[in-house]
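In case you want the letters, here they are:
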Amino acid sequence: MESNTANCPQPQRDPQADAAGFVVPFADDEAAASAEWLRARPISAKSDAPVVGGLPGATEAETGLVACCVQDFGAPIVLRAIAAGITSASFSDEKLGIVFAAAVSLVRSNETPDVHIVAARLQASQQLKRIGDWPFIVSITTSAPTQAHAALHIKQVVNAHRLRRLQARARRVIDDVAQPNADAVEISAEIHADLDRIGDSSSAGLGLGVTADVLCSSPPPIPAELIAGVLYRSGTMMLSGPSKSRKTYTFLDLGVSVATGNPWLGFPTAKGSVSYINFELSEHSFQRRLAAICTAKRVLPPANFHAFNLRGRPANMMMLAGELPRLIKQHDIRLVVLDPWYKISAQSGAEENSNDGQARILAEAERIVTGNGAALVVGHHFSKGDSASKNSIDRAAGAGAMARWGDVIATLSEHEEADAMTLEFHLRDFAPVAPIALRWELPLWRRDASLDPAKLKRVGRSDAHPSSELLAKLIDGMNAAEWRDAAGWSESTFRRKRDDLLHAGKVVGSMGTYRRP
């Protein structure tokens, strides 16, 4: 995905300012992008200098905010400004940005950002003369006699900064559409993604973090559960299974369950709107399965289930970044299903076996969906071979990053009985859930307590040494070595088949010897 800073000049850092320990104005990439219009702009001798090019400014609010920050008890104002997404790049007057950066530096160091200490910090970094020396500092402190209007100043500074970014983005649109090979779809997707970032204060950077005592004394709210005991709203889940394991039916069942507030495979769900992005099924096939599931669950097709059938369309993560945030907010989406993952991953340029590529594209999908308040569920497939011999968390194909990404890693594995599966969960935030046996009743998987979830089907291995053959070699009272020698098998084969017999109750072990019950 092309960065929105691609065509912006990159400003130079001030090494002396860096050494002083605070953020140099316009030093980070996000700031550089938003301050494109400031290139080659000289610092004005006046704090209320007009903004170049007619761009929106909020000089009075900017000056008032900085004045609040450098007064006594200014640290809480600095923290509130950072929480609102304000950085040194948020100021149309670069000198005010420099002073604000010094105040931030002091707060980071647990020092009081009053005017004298700020001035000393600027002097040490050789920036005091750059902003106009003491007369400029004095002019700031006299502009806001109280901190009563700090909240209003913060709001106005944020708004003006976003307006400048919007104007810079509009100019770039004009340049982009004038290119000989301009692609309207790609440009539109970039615009949507950039507009979403501009409107999102969470993209402002790391901020100051939070100390443990503050975090524990004021804990964040626990999000609502979307799937009871399994998945929070704003959580992530990957559900994988072997080929033709009816995964799409499973996801459609989940989507309909959430959209109507009905249980899914026995788990209660919280009712909410759903966005289902289908990359694999033809639209008529998708419709037939959806209608069949609604009929089986005895519900009407829900109006809050939004289906996007993108089979055969060049959909990638850039397109989703441009469209999904708007859709999530417009329809108050609680659940987004991407099915199957390999389709969107491949079209976004991420190799399935690349840890770096998968980690990057999964993080982007998570940002797009969970960052806007919805849960993300993706469908994936197993690797080839005998998946039953692997730990359930490692059965999915591709890079290891995929098996460690989700808050929930769920697997559908083939049961030894026909038309049956075992559903297993690895949960990050909830208590463990025991494996569940499911039986297929078109068009739904349903729980079946009569099945043993542990009895998984083993494939890809010819059984040249059936356990019945080992049982025939047993003479009651034999120890393990005698029994193995009688069979003439390797140690690993003997142990595996012996354990099968013990588990099935066909052999009893006692005091190192074995016998039939």
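The coordinates are above.
A cis amide bond links D339 with the next residue in sequence, P340, at an omega value of -5°. Across the junction of L442 and P443, the peptide omega takes the value 10°, indicating a cis bond. Take P443: it is sitting in the loop between strand 10 (436-441) and strand 11 (444-447). We note that K244 has phi near 60°; this positive angle belongs to a residue other than glycine. Mapped onto the elements of the fold, K244 is located in the loop between strand 3 (236-241) and helix 12 (247-260).

Of the pairings in the sheet, the one linking strand 9 (residues 420-427) to strand 10 comprises four bridges and is antiparallel in character. Looking across to strand 10, one finds that L423 is bridged to I436. As judged from the four bridges shared by strand 10 and strand 11, these two strands associate in the antiparallel manner. Each residue of the ladder has a partner; that of E441, found in strand 11, is L444. In sequence, strand 10 turns back onto strand 11 through a hairpin of two residues.

Scanning the model with the defined rule gives 10 aromatic pairs in all. Taken together, a centroid distance of 4.5 Å and an interplanar angle of 40° make the contact between Y232 and F430 tilted. In this pair, Y232 is assigned in strand 2 (residues 231-232) and F430 in the loop between strand 9 and strand 10, connecting sequence segments 198 residues apart. On the basis of relative accessible area, Y232 is assigned to the buried category, the value being 18%. With a centroid separation of 6.4 Å and 35° between ring planes, the pair formed by W264 and F267 is classed as tilted. F267 carries the same exposure label as W264, and that label is buried.

What follows covers the sheet that holds strand 13 (residues 508-510). One open sheet accounts for three strands, arranged 12-14-13; its pairing is antiparallel. Of all the strands in the sheet, just strand 12 (478-479) and strand 13 have a single pairing partner and so form its edges. Of the pairings in the sheet, the one linking strand 12 to strand 14 (residues 513-515) comprises two bridges and is antiparallel in character. Opposite M478, over in strand 14, you have Y514 as the bridge partner.

Let's shift gears to the nonpolar core. The biggest cluster of nonpolar side chains holds 43 residues, and the ones touching the most others in it are V230, L231, M237, W264, F305, L335 and F425. V70, V104, V118 and A150 belong to the second-largest nonpolar core, a separate cluster that totals 36 residues.

Rules behind the numbers
- Residues numbered from 1 in each chain as written.
- Predicted model: local features only at pLDDT ≥ 70, side-chain atom pairs only at ≥ 80, totals over all residues.
- Heavy atoms only, no water.
- Helix = DSSP H or I, 4+ residues; strand = E, 2+ residues; numbered from the N terminus.
- Pairing = 2+ DSSP bridges.
- Phe/Tyr/Trp six-rings, centres within 6.5 Å; stacked < 30°, edge-to-face > 60°.
- Buried < 20%, exposed > 50% of the residue type's maximum accessible area, 1.4 Å probe, protein only.
- Core = buried A, V, L, I, M, F, W, Y, C linked by side-chain atoms within 4.5 Å.

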